[in-house]
Amino acid sequence: MRVLPVVLSLLMLPSIASATGTDAGAAPDTIRVEMTTEHGVITVELYEEAAPLTVANFLRYVDARHFDGATFYRTVRYATDNGSPTIEVIQGGRGGQEAVFEPIAHESTKQTGILHTDGVISMARGGIGTASSEFFICVGDQPGLDYGQPRNADEQGFAAFGRVVRGMEVVRTIHSLPSDAPTDSDYTRGQILEDPVVIERVTRAPGE
């Protein structure tokens, strides 16, 4: 994803939920957050031990309430993707509360072992070390977003850091919404939601 323009098999450890988005129980080294949207709640398990920098960055935006009122605004499907290899994801994080932190160092899938399978959450970026608050969720397995793949010229892939353990039906609903809104970029043509999905709030799950 060239940026997912600011204008993707997980190591199957026993602690990791299945790719169906069903809840297998939290592992000791994970943290959960809940994204409440107008279409339902998406529960995401974050892998702090495997991807400490990326998880810490995401949580500081959560704790600053940056994502409250943000949107899922982009859906990428094989038929509308303009990158190579083609992918399917939804992208969000734009338009919330003002809380801007410095971009973070890149934790590649080669470092973390968290590959871009169905339901995995990862950071959108331009160049290496430019990821900040925008993120995407994989719809289906997306190996083209892993380290060593040519989606970006640098072949460093994207920084995966967790996965959806409950609410993949919400992700797929968002992924299927009409996406012909105007865009200034030919790269994102056919990918911008006509009615962006409001993320009402993102909070640490009860008990975290």
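Note: the structure precedes this text.
About the thresholds
Along every chain, residues carry numbers that run from 1 in the direction the sequence is written. Given that the model is predicted, a residue must reach a pLDDT of at least 70 before its local features are reported, and side-chain atom pairs must reach 80 or more before they are shown or counted; all residues, however, enter totals for whole chains, interfaces and linings. Water and hydrogen atoms play no part in the side-chain values, which are based on all heavy atoms of the structure. Here a helix means four or more residues in a row that DSSP labels H or I, a strand means two or more in a row labelled E, and each is numbered from the N terminus. Here the Shrake-Rupley method, with its probe set to 1.4 Å, supplies the accessible areas, and only the displayed protein chains count as covering residues. Pairing between strands is defined by DSSP: at least two bridges between the two strands are required. Lines fitted to the C-alpha atoms define the axes, with helices restricted to the stretch that makes contact. Angles between their N-to-C directions range from 0 to 180 degrees. Contact criterion: two residues are considered in contact whenever any of their non-hydrogen atoms come within 4.5 Å of each other. The working definition used for a salt bridge is a side-chain nitrogen of Lys or Arg within 4 Å of a carboxyl oxygen of Asp or Glu. Using a 1.4 Å probe on the protein chains alone, a residue whose accessible area is under 20% of its type maximum counts as buried, one over 50% counts as exposed, and one in between counts as partly exposed.

## Remarks on the overall build of the protein chain
Then comes step 1: Across its full length, the protein chain carries three helices and eight strands.
Then comes step 2: Traced from its N-terminal end to its C-terminal end, the protein chain shows the element sequence β-β-α-β-β-α-β-β-β-α-β.
Then comes step 3: Accessible surface, the protein chain: about 8,600 Å² in total, of which carbon and sulfur atoms supply 52%.

## Let's talk about unusual backbone geometry
Then comes step 1: The omega torsion of the bond from Ser84 to Pro85 falls at -5 degrees, within 30 degrees of zero and hence cis.
Then comes step 2: For Pro85, the position within the fold is in the loop between strand 3 (70-76) and strand 4 (89-94).
Then comes step 3: The backbone phi angle of Arg65 is positive, close to 65 degrees, even though this residue is not glycine.
Then comes step 4: Within the secondary structure layout, Arg65 lies in the loop between helix 1 (52-63) and strand 3.
Then comes step 5: The backbone phi angle of Glu155 is positive, close to 55 degrees, even though this residue is not glycine.
Then comes step 6: On the secondary structure map, Glu155 appears in the loop between strand 6 (135-138) and strand 7 (159-166).

## Things to note about the sheet that holds strand 7
Then comes step 1: The strand order around the closed barrel formed by eight strands is 1-2-7-5-6-4-3-8, and the pairing between neighbours is antiparallel. Taking the axes of each pair of neighbouring strands and ignoring which way they run, one obtains an average angle of 35 degrees across the sheet.
Then comes step 2: Inspection of the sheet shows strand 1 (residues 30-37) paired to strand 2 (residues 40-47) by eight bridges, in the antiparallel sense. Looking across to strand 2, one finds that Met35 is bridged to Ile42.
Then comes step 3: Sheet strands in contact with helix 1 are strand 1, strand 2, strand 5 (120-123), strand 6, strand 7 and strand 8 (192-204), and its direction is about 90 degrees off that of strand 8.

## Here we look at the pattern of salt bridges
Opposite charge on two side chains permits them to pair, given that their charged atoms come into close proximity.
Then comes step 1: According to the stated counting rule, one finds eight salt bridges in the structure shown.
Then comes step 2: Between Arg125 and Asp154 there is a salt bridge, and its shortest N-O distance comes to 2.9 Å. With Arg125 in the loop between strand 5 and strand 6 and Asp154 in the loop between strand 6 and strand 7, this pair connects stretches of sequence that are 29 residues apart.
Then comes step 3: When its relative accessible area of 2% is taken as the criterion, Arg125 is described as buried.
Then comes step 4: A relative accessible area of 30% means that Asp154 is categorised as partly exposed.

## Quick word on the environment of Gly96
Then comes step 1: Looking at where Gly96 falls in the secondary structure, it is placed in the loop between strand 4 and helix 2 (109-112).
Then comes step 2: Note on Gly96: relative accessible area 18%, which makes it buried.
Then comes step 3: Expressed as a C-alpha distance, the spacing of Gly96 and Glu200, which sit 104 residues apart in the sequence, is 9.4 Å.
Then comes step 4: Excluding its chain neighbours within four sequence positions, the residues that come into contact with Gly96 are His66, Asp68, Gly69 and Ala70.

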